[in-house]
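Secondary and tertiary structure notes
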Amino acid sequence: MTIKVFTDGASKGNPGKSGIGILITNDTDEELLTHSEYIGETTNNVAEYSAFIKSLELIKSLNQADRIKKIEFFADSELLVKQINGQYKVRDSKLNLLHTETKSILSGLNIIYTINYIPRTENKIADKLANEAIKNFNTVL
């Protein structure tokens, strides 16, 4: 089975209140899972990495029977995509820790994967989920 994973991190301020959103579909675009979570005050780049790492955790729980053979990741953060793909160096110390964690988890998946940059207009559901996490947190206060 091939899955598609759309991730997004949002921050209201930089740093500011932040949330993550994740959409996982199968290869025929049927929704398998969505996730929306408030992650506290952080930068947008940290939120993007946090969303990606959370998606890896969710994939592990979905793949209990080792049915997933290929993953296509999609994110609207060019920085995240190019850093994970090795096209950009990671200069920020906090991002470097998240980058190292991300690469470690990816190497342990033993699944073929690609990580692709897409414009925000093609990542609407993950973007909406990330922003809803912030909005819902603010509503609770």
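Before any of the text, the structure's been laid out above.
First, a word on what this report is: a plain description of the structure on this page.

Rules and cut-offs
- Residues numbered from 1 in each chain as written.
- Predicted model: local features only at pLDDT ≥ 70, side-chain atom pairs only at ≥ 80, totals over all residues.
- Heavy atoms only, no water.
- Helix = DSSP H or I, 4+ residues; strand = E, 2+ residues; numbered from the N terminus.
- Polar contact = N/O pair within 3.5 Å; in protein donor to acceptor, adjacent residues only side chain to side chain.
- Contact = heavy atoms within 4.5 Å.
- Axes fitted to C-alpha atoms, helices over the stretch in contact; angles between N-to-C directions.
- Parallel < 35°, antiparallel > 145°, perpendicular 65-115°, else oblique.
- Left-handed = near helix turned anticlockwise from the far one by under 90°.
- Nonpolar A, V, L, I, M, F, W, Y, C, P; charged D, E, K, R; others polar.

Structurally, His99 can be placed in helix 3 (residues 93-109). A distance of 3.0 Å separates a polar side-chain atom of His99 from the backbone oxygen of Gln83. Those residues within four positions of His99 in sequence are excluded, and the remaining contacts are Tyr49, Gln83, Ile84 and Val90.

Let us now look at the packing of helix 1 (residues 44-62) against helix 3. At their nearest, the axes of helix 1 and helix 3 sit 10 Å apart, and the two run at 20° to each other. With respect to their mutual orientation, helix 1 and helix 3 come out roughly parallel. As helix 1 packs across helix 3, the resulting crossing turns out to be left-handed. Contacts between helix 1 and helix 3 involve Asn45, Val46, Tyr49, Phe52, Ile53, Leu56 and Lys60 on the former and, on the latter, Lys94, Leu95, Leu98, His99, Glu101, Thr102, Ile105, Leu106 and Leu109. Here the contact of helix 1 with helix 3 is built from residues that sort into ten nonpolar, three polar and three charged.

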